[in-house]
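Descriptive analysis of the structure
Listed here are the chains, written in short residue letters.
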Amino acid sequence: MKYVFAFLVVIHALIHLMAFAKAFQLGNSESLTQAISKPFGICWLLTTLVYLAALTGYFMDKTFWPVLAIIASVLSQVLIIMVWRDAKFGTIANILIVLIALPAFAHFRFQQMVTEESQELLKNIAPRTLTVTEEKLQHLPAPVQRWLQKSGVVGKDIPAVARIQQTGRMRTSPDSKWMPFNATQYFDLIQPAFVWNTTVQVAPLVTMTGRDKFLNGEGEMLIKILSLITVVNEGHNNKMNTGTMLRYMGETTWFPAAVLTPYFSWKQLDSMTVKATMNYAGTAAEGTYVFNEAGDFVAFEAERYYGGGNDARLECWRVEATGYRDFGGIRVPYRNRVVWKLREGDFTWLELEVTELEIN
């Protein structure tokens, strides 16, 4: 598809040279019957050059290419209108180019917003030099102690900041198709916060961009089709705040020592199960961690709002570990699936793999 678009731009750009040639009498352009002055001939040439500059940026993955492509198409359309009888079919090419360039520009703006939010989250974080010791684990329930010991955090620094890369697949309903996604997520593990950014392949040529944010105890979700059309924009309400906090609690398993912050409190339910309560910045949530006899994390489960707006209802939300891997000497459940245990049956909506994990 990339080369089809490039071919369209090249052919369309070069056709503009016919008008330039006619203006300066450089050839016999029989397809152009209307007179073109030399000043306008130069405008046709400049439009060609702008198109070619946009195409160069397109192949070099430069962020400026969609802006140049849109500018060139606007210039082209103005010129076409002036010789409408001869050049009207060029409008089709301009429309196609804008339909591709506009979502690309919107995607750039979306990513720029996420980058700014991530930088804002990270700018005041200084890595801590506190080391996890056996003594720091003594106040925790036995299953949590075994988990942290098995994870390998003893003797290592308590993390302050983390970045992860994810890949996987998701779906929106039990009977919908799976959609592949890639995501990047930044965490503040001192003052609990994260920014998650994903691109989902909905269909050929159709993507969905999403950003989840948890900051100062409040959650936000923004989802756009082609980075243009907003389908979800919700936040700063109790349902979203607690739901996003629960997500943070479930994802601390990727950096286990993060649960040593004072925002967590614990109550052991049995030899393998512990209830955790998190209180931070006026928001509170609780969920249950399940471990196995070997000390590995098995699942995190909580009552979380399913759906959005007034139709949201509390349902059982469960994060399950399906594979383990060492990152920097820390044993992590790097493969997970997320299941809504609905009244009408289980709905596995997300399967992911952490491909990169950087601490501090």
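Presented here is an overview of the structure given in this document. (Residues numbered from 1 in each chain as written. Predicted model: local features only at pLDDT ≥ 70, side-chain atom pairs only at ≥ 80, totals over all residues. Heavy atoms only, no water.)

What follows concerns the pattern of salt bridges. Under the definition given, this model contains 21 salt bridges. Between Arg-163 and Glu-356 there is a salt bridge whose closest N-O contact spans 2.8 Å. Highlighted residues: Arg-163 in strand β1 (residues 161–170) and Glu-356 in strand β13 (residues 345–359), separated in sequence by 193 residues. Its relative accessible area of 14% is what places Arg-163 among the buried residues. Here Glu-356 falls in the partly exposed class, since its relative accessible area comes to 37%. (Salt bridge = Lys/Arg side-chain N within 4 Å of Asp/Glu carboxyl O. Helix = DSSP H or I, 4+ residues; strand = E, 2+ residues; numbered from the N terminus. Buried < 20%, exposed > 50% of the residue type's maximum accessible area, 1.4 Å probe, protein only.)

With that settled, the discussion passes to helix α6 (residues 142–151). Each α-helix winds once per 3.6 residues, and so residues spaced three or four apart point in a common direction. Burial in α6 covers these residues: Pro-143, Val-144, Gln-145, Trp-147, Leu-148 and Ser-151. Residues of α6 that are buried sit in contact with β7 (264–268), β8 (273–280), β9 (283–291), β10 (297–306) and β12 (330–342). (Contact = heavy atoms within 4.5 Å.)

This part takes up the pairing of β13. In this sheet, β13 lies alongside β1 in antiparallel orientation, the contact comprising nine bridges. When the sheet's bridge partners are listed, Arg-169 is paired in β13 with Glu-351. In this sheet, β13 lies alongside β12 in antiparallel orientation, the contact comprising eight bridges. Across the sheet, Lys-341 pairs through a bridge with Asp-346, a residue of β13. Once β12 ends, the chain turns through two residues before running back antiparallel as β13. (Pairing = 2+ DSSP bridges.)

Each aromatic ring pair is specified by the distance between its two centres and by the angle formed by the two planes. Per the counting criterion, the structure on display carries 22 aromatic pairs. Note on Phe-5 and Tyr-58: the rings are 5.0 Å apart at their centroids and 65° apart in plane angle, and the pair reads as edge-to-face. Here Phe-5, found in helix α1 (residues 2–23), pairs with Tyr-58, found in helix α2 (residues 38–59); they are 53 residues apart in sequence, far enough to count as distant. Summarising the burial analysis for this pair, Phe-5 and Tyr-58 share the class buried. (Phe/Tyr/Trp six-rings, centres within 6.5 Å; stacked < 30°, edge-to-face > 60°.)

Working note: a packed helix pair is described by the angle between its axes plus the distance between those axes. Two numbers describe how α1 lies on α2: the axes approach to 8 Å, and their chain directions differ by 165°. Regarding the angle of α1 to α2, the classification is roughly antiparallel. Where α1 crosses over α2, the handedness of that crossing is left-handed. Residue composition of the contact of α1 with α2, grouped by class: 18 nonpolar, five polar and two charged. (Axes fitted to C-alpha atoms, helices over the stretch in contact; angles between N-to-C directions. Parallel < 35°, antiparallel > 145°, perpendicular 65-115°, else oblique. Left-handed = near helix turned anticlockwise from the far one by under 90°. Nonpolar A, V, L, I, M, F, W, Y, C, P; charged D, E, K, R; others polar.)

In this section: the pairing of β8. As paired elements, β7 and β8 share five bridges and run antiparallel to each other. Looking at β8, one finds that Trp-266 is bridged to Ala-276. Strand direction decides the pairing type here: β8 and β9, joined by eight bridges, are antiparallel. Paired with Thr-273 across the bridge in β9 is Val-290. If you look at the hairpin formed by β8 and β9, you'll find two residues sitting between the two strands, and Ala-281 has a positive phi there, around 50°.

Its 14 residues place the ends of helix α7 (residues 238–251) 20 Å apart at the C-alpha level, agreeing with the 20 Å of an ideal helix rising 1.5 Å per residue. For α7, the buried fraction is high: 12 of the 14 residues fall into the buried class. Among all positions of α7, only Met-240, Asn-241, Thr-242, Gly-243, Thr-244, Met-245, Leu-246, Arg-247, Tyr-248, Met-249, Gly-250 and Glu-251 are buried. Of the residues that open α7, the one with a side-chain oxygen 3.2 Å from the backbone nitrogen of Lys-239 is Asn-237. (Expected span 1.5 Å × (residues − 1). Polar contact = N/O pair within 3.5 Å; in protein donor to acceptor, adjacent residues only side chain to side chain.)

All right, on to the side chain of Asp-296 then. If you trace the backbone, Asp-296 turns up in the loop between β9 and β10. A polar side-chain atom of Asp-296 sits 2.8 Å from a polar atom in the side chain of Arg-331. Those residues in contact with Asp-296 that lie beyond four places of it in its chain are Lys-150, Val-290, Phe-291, Tyr-324 and Arg-331.

All right, on to the packing of helix α3 (residues 65–82) against helix α5 (residues 90–122) then. It is at 9 Å that the axes of α3 and α5 come closest, and there the two elements cross at 155°. Accordingly, the angle class assigned to the pair α3 and α5 is roughly antiparallel. Two packed elements cross with a definite hand, and for α3 against α5 that hand is left-handed. Across the interface between the two elements, Trp-65, Pro-66, Val-67, Ala-69, Ile-70, Ser-73, Ser-76, Gln-77 and Ile-80 from α3 touch Gly-90, Thr-91, Asn-94, Ile-97, Val-98, Ile-100, Ala-101, Leu-102, Ala-104 and Phe-105 from α5. In terms of residue class, the contact of α3 with α5 is made up of 13 nonpolar, six polar and no charged.

Once that is clear, we can look at a nonpolar patch on the surface. There is a patch of nonpolar side chains on the surface, built from Phe-89, Ile-92, Ile-95, Leu-96 and Leu-99 and spanning about 540 Å² of accessible area. On the basis of relative accessible area, Leu-99 is assigned to the exposed category, the value being 57%. (Patch = residues over 30% accessible without salt bridge, like charges linked within 9 Å, V, L, I, M, F, W, Y side chains within 5 Å. Areas by Shrake-Rupley, 256 points an atom, 1.4 Å probe, with all protein chains shown as cover.)

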